[in-house]
Amino acid sequence: MQNPNEDTEWNDILRKHGIIPERPKTPPSPSPLPSPTISDKLKGASDSALKELEDDAGDSETERIVQEYRRKRMQELRKEQKRGRFGEILPIGRDDYKREVTEASRVDEEGMEGRGFGQPVVCYLYKDGDIACSRLTEHLKTLAARYPSTKFVSIIGNKCIENYPDRHLPTLFFYRNGNPVSQVTAWGTDRPRTLQEIESILRALGMIPEKPPVRPQANPEDSGSEDEVQRLSSTLRGAKIGEPKEGTGTVNARTSKIKGPSKPTVEDDDSDFDL
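As annotated in an unreviewed UniProt entry, the protein chain carries the name Phosducin domain-containing protein and is attributed to Rhizoctonia solani.

Student: Run through the packing of helix H6 (residues 131-146) against helix H8 (residues 195-204), naming residues and quoting values.
Tutor: Following both chains from N to C, one finds H6 and H8 inclined at 55 degrees, their axes separated by 10 Å at the closest point. Between H6 and H8, the crossing angle belongs to the class labelled oblique. The two elements H6 and H8 meet at a crossing, and its hand is right-handed. Taken together, the residues of H8 that come into contact with H6 (itself represented by Leu-136, His-139, Thr-142, Leu-143 and Arg-146) are Leu-195, Ile-198, Glu-199 and Leu-202. The residue makeup of the contact of H6 with H8, split by class, is five nonpolar, two polar and two charged.

Student: Summarise helix H1 (residues 9-16); cite the residues concerned and give the values.
Tutor: A turn of α-helix holds 3.6 residues, and therefore any two residues three or four places apart point the same way. Considered for burial, the residues of H1 that qualify are Asn-11, Leu-14 and Arg-15. Angularly, the buried residues of H1 cover 100 degrees about the axis, an arc narrow enough to put them on a single face. Looking at H1, the residues exposed on the side facing more than 90 degrees away from the buried face are Glu-9 and Lys-16.

Student: Please provide a residue-by-residue account of the packing of aromatic side chains, values included.
Tutor: Tallying each qualifying case throughout the model produces two aromatic pairs. Between Arg-193 and the ring centre of Trp-187, over which it is positioned, the NZ or CZ distance is 4.7 Å.

Student: Can you lay out the nonpolar core for me, pointing to particular residues and giving the numbers?
Tutor: Ranked by size, the top nonpolar core spans 37 residues in total, and within it Leu-125, Leu-172 and Phe-174 carry the most contacts. Per-element accounting of this core gives the leading share, six residues, to strand E2 (residues 121-126). The residues contacting Leu-125, other than those within four sequence positions of it, are Ile-155, Gly-157, Cys-160, Ile-161, Tyr-164, Leu-169, Pro-170, Thr-171 and Phe-173. Counting residues in each nonpolar core, the second largest holds five residues, with Leu-42, Ala-45, Leu-50 and Val-66 among its members.

Conventions used here
Residues numbered from 1 in each chain as written. Predicted model: local features only at pLDDT ≥ 70, side-chain atom pairs only at ≥ 80, totals over all residues. Heavy atoms only, no water. Axes fitted to C-alpha atoms, helices over the stretch in contact; angles between N-to-C directions. Helix = DSSP H or I, 4+ residues; strand = E, 2+ residues; numbered from the N terminus. Parallel < 35°, antiparallel > 145°, perpendicular 65-115°, else oblique. Left-handed = near helix turned anticlockwise from the far one by under 90°. Contact = heavy atoms within 4.5 Å. Nonpolar A, V, L, I, M, F, W, Y, C, P; charged D, E, K, R; others polar. Buried < 20%, exposed > 50% of the residue type's maximum accessible area, 1.4 Å probe, protein only. Arc of directions from axis to C-beta. Phe/Tyr/Trp six-rings, centres within 6.5 Å; stacked < 30°, edge-to-face > 60°. Lys NZ or Arg CZ within 6 Å of the ring centre and 35° of its normal. Core = buried A, V, L, I, M, F, W, Y, C linked by side-chain atoms within 4.5 Å.

In structure tokens, the structure reads:
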């Protein structure tokens, strides 16, 4: 039997009359991949690779491009180092509050001078030996290291505000541009709270960037309740870092409800506590 795929005159006649199918077309040879451009080589290149590219540059234009890329990279690294000037929780006293919190929050972040957004400052009121405070302290230490462009300070509750009730601890005051943005009281006293939850609140209030500079490995205790995180974040939904939203109100960890615009005060049954 004759092979219908053979290139013969008889098969051509049969194909012309539709008796046998057309011969399958030979696929074209793949085109060779284009050589990587200098821009492709620069992306993600290490310092040693950049030095090698500069040494092997075949012309002055390529050498100039590599040198310019290295210069811009160093500028970005220096800028990032300036922005990340905190990285830990700073203990303060009552006399330091105005300077380290209110006035410090008026100073624009490094790299954002002149925009009037101010510096995000998280002020943490706590009590030694309290379980909820101890847990939040560890979470804030992690967040301070993760977001070094945000200033974190801490002070014992009754040393910050005289006769401050222990039931309101731990308390967080959030400042930006000299103004209180919001506050959280009795965080974690209703149930153990996760790092992810407090991180979501800080992000919703514009206290931290949308993403950390370097994403750390997942922590098993960070999982928490996704529904709870979403609820808290939507309740406190604010602007992204660099675009603070004023007057977002107060959050009580027991009720997780907004109480309306506020100053950094806590209303008690008998007394008013004012910073």
